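In case you want the letters, here they are:
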Amino acid sequence: MTSSLNEKYKDFFEQVYQVVRLIPEGRVTSYGAIAKFLGSKKSSRMVGWAMNVSHVLKDVPAHRVVNRVGLLSGKNHFKTPTLMQELLNEEGVTIENDIVVNFSNLFWDPSKELYL
DNA sequence: TGTTTGACTGGGA
DNA sequence: CTCCCAGCCAAAC
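This text gives an overview of the structure that appears in the document. (Residues numbered from 1 in each chain as written. Chains lettered and ligands numbered in written order. Predicted model: local features only at pLDDT ≥ 70, side-chain atom pairs only at ≥ 80, totals over all residues. Heavy atoms only, no water.)

1. A short note on the pattern of salt bridges
Should the charged atoms of two oppositely charged side chains come close, the side chains can pair.
Next, step 1: Across all of its chains, the model carries 4 salt bridges by this definition.
Next, step 2: Measuring nitrogen to oxygen at the nearest pair gives 2.9 Å for the salt bridge that ties D59 to R21. With D59 in the loop between α4 (44-54) and β2 (65-66) and R21 in helix α2 (residues 12-21), this residue pair connects regions lying 38 residues apart in the sequence.
Next, step 3: Among the residues examined, D59 registers a relative accessible area of 46% and is labelled partly exposed.
Next, step 4: For R21, a relative accessible area of 34% corresponds to the partly exposed category.
Next, step 5: One salt bridge in this structure joins E113 and R27, with 3.5 Å as the shortest N-O distance. With E113 in helix α7 (residues 110-113) and R27 in the loop between α2 and β1 (29-30), the pair connects residues that are 86 residues apart, well separated along the chain.
Next, step 6: For E113, a relative accessible area of 38% translates into the label partly exposed. (Salt bridge = Lys/Arg side-chain N within 4 Å of Asp/Glu carboxyl O. Helix = DSSP H or I, 4+ residues; strand = E, 2+ residues; numbered from the N terminus. Buried < 20%, exposed > 50% of the residue type's maximum accessible area, 1.4 Å probe, protein only.)

Structure below.
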């Protein structure tokens, strides 16, 4: 909210990582929600690309980011195709057929629950 | 340097 | 319900 915080955010990618790090444990959000929060609703693909690069950054919980219907669309980009689901299970999130169960209830919208 | 692809999304047929 | 298309833009080809 403050200019000092905004100044901290230089690139789109950095902003994405920052938001993803703030996702509470056991909650999930979508690429589009992050993109919208960052001001470019239609740049959700870039959020996905940022995630693709982010797996080298250890503190980015990319497993908490799914697509708008709760599908684990990025699971194949993890070390193993099952890792994403396993990480979510550890946090108490149930996955069924690659879909987050009770997604709408677990959905964490940064533009509604996060205030900078 | 031009084209294709993609961890996306919303709208339309 | 499914399928298709346009917009988005960095990276890969």
